[in-house]
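# Results of the structural survey
Chain by chain, the residues run as shown.
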Amino acid sequence: MSLCAAALVCAAAFAAAPAQAGDNGVIMKDGVAVPTEPIVLNGGPGIAISGSQNAENMPAKAWNFLKDNYKDNPVAKCTENFVKQTYHVVLADSTTISFTKDGSVRDLYEGNNASIPEKALEAILPAKTVKHLRDAGVLDEVSAVRNAGKNGFGVVLLNNIPPQMIFDVDGVFVMVAG
């Protein structure tokens, strides 16, 4: 039964048998039955999609990436997306990083219009991609890495020229996207 259907059944039940004050945690207010306690559905308050998380609960692989590449940039905020099974971390300088459930970097956006440290790029990008960016003279201008799953990933440069360089999952340059 859908949540809306359940709400209609509850409303019909209240209308068919008006509640009395004190009956089952319900009071009457202006002719309407009002619960005196929170309504709990299926053992919880409802569907939680994401929520604040103690950063210490992230996988060790994520912590190691932060320690190795952002040790002087503390975690300011951490949320967990329960549906996508990802962690979204915001560092003190506004750098944002999404980690998968195993701690791999999914997306990285460097804060304060800065470039991603070369060591961090080498940790998350295939060697072919790092070589391509180095050979093109733009490795020190990468400001974001966007994961596209099975389709590869995009690399964004500080000056947005080109707007985004697309690479396949093996790290081979595919095209420039605008």
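In what follows, the structure referred to is the one given above.
Predicted model, so just to flag it, every value in this text is computed and none were measured.

### A word on the pattern of salt bridges
All told, the structure shown has three salt bridges when counted by the stated rule. Across the salt bridge formed by Arg134 and Glu122, the nearest N and O atoms sit 3.0 Å from each other. Taken together, the residues Arg134 in helix 4 (residues 127–135) and Glu122 in helix 3 (residues 118–124) connect sequence positions twelve residues apart. Residue classification places Glu122 among the partly exposed positions, given a relative accessible area of 42%. With a shortest N-O distance of 2.6 Å, Lys131 and Asp135 are connected by a salt bridge. Taken together, the residues span about one helical turn, with Lys131 and Asp135 both in helix 4 at a distance of four residues. Residue Asp135 is classed as exposed on the basis of its relative accessible area, which comes to 56%. Salt bridges sharing common partners tie together Glu118, Glu122 and Arg134.

### Remarks on helix 2 (residues 60–69)
Every α-helical turn comprises 3.6 residues, leaving residues that sit three or four positions apart pointing alike. Of the positions making up helix 2, those classed as buried are Ala62, Phe65, Leu66 and Asn69. Considered in projection along helix 2, the buried side chains sweep an arc of 95 degrees and stay on one side of the axis. Away from its buried face, by an angle of more than 90 degrees, helix 2 presents the exposed residues Ala60 and Lys67. As for helix 2, its buried residues are in contact with strand 4 (75–81), strand 5 (86–91), strand 6 (96–100), strand 7 (105–109) and helix 3.

### Some words on the pairing of strand 10 (residues 164–167)
Alternating residues of strand 10 divide into Gln164 and Ile166 and Met165 and Phe167, and every residue in both groups is buried. Strand direction decides the pairing type here: strand 9 (residues 153–157) and strand 10, joined by three bridges, are antiparallel. Within strand 10, the residue paired with Phe153 across the bridge is Phe167. Connecting the antiparallel pair strand 9 and strand 10 is a turn made up of six residues, with Asn160 showing a positive phi of about 60 degrees. When strand 10 meets strand 11 (residues 173–177), the two strands line up antiparallel, connected through four bridges. Pairing of Phe167 across the sheet is with Phe173, part of strand 11. Following strand 10, the chain reverses through five residues before pairing antiparallel with strand 11; Gly171 in that reversal takes a positive phi of roughly 95 degrees.

### A closer look at the packing of aromatic side chains
Aromatic ring pairs are described here by two measures, namely the spacing of the ring centres and the angle between the planes. With the rule as written, the count across this model stands at four aromatic pairs. Judged by centre distance (6.2 Å) and plane angle (50 degrees), the rings of Phe65 and Tyr70 are tilted. Classification of Tyr70 as buried rests on a relative accessible area of 7%.

Calculation criteria
- Residues numbered from 1 in each chain as written.
- Predicted model: local features only at pLDDT ≥ 70, side-chain atom pairs only at ≥ 80, totals over all residues.
- Heavy atoms only, no water.
- Salt bridge = Lys/Arg side-chain N within 4 Å of Asp/Glu carboxyl O.
- Helix = DSSP H or I, 4+ residues; strand = E, 2+ residues; numbered from the N terminus.
- Buried < 20%, exposed > 50% of the residue type's maximum accessible area, 1.4 Å probe, protein only.
- Arc of directions from axis to C-beta.
- Contact = heavy atoms within 4.5 Å.
- Pairing = 2+ DSSP bridges.
- Phe/Tyr/Trp six-rings, centres within 6.5 Å; stacked < 30°, edge-to-face > 60°.

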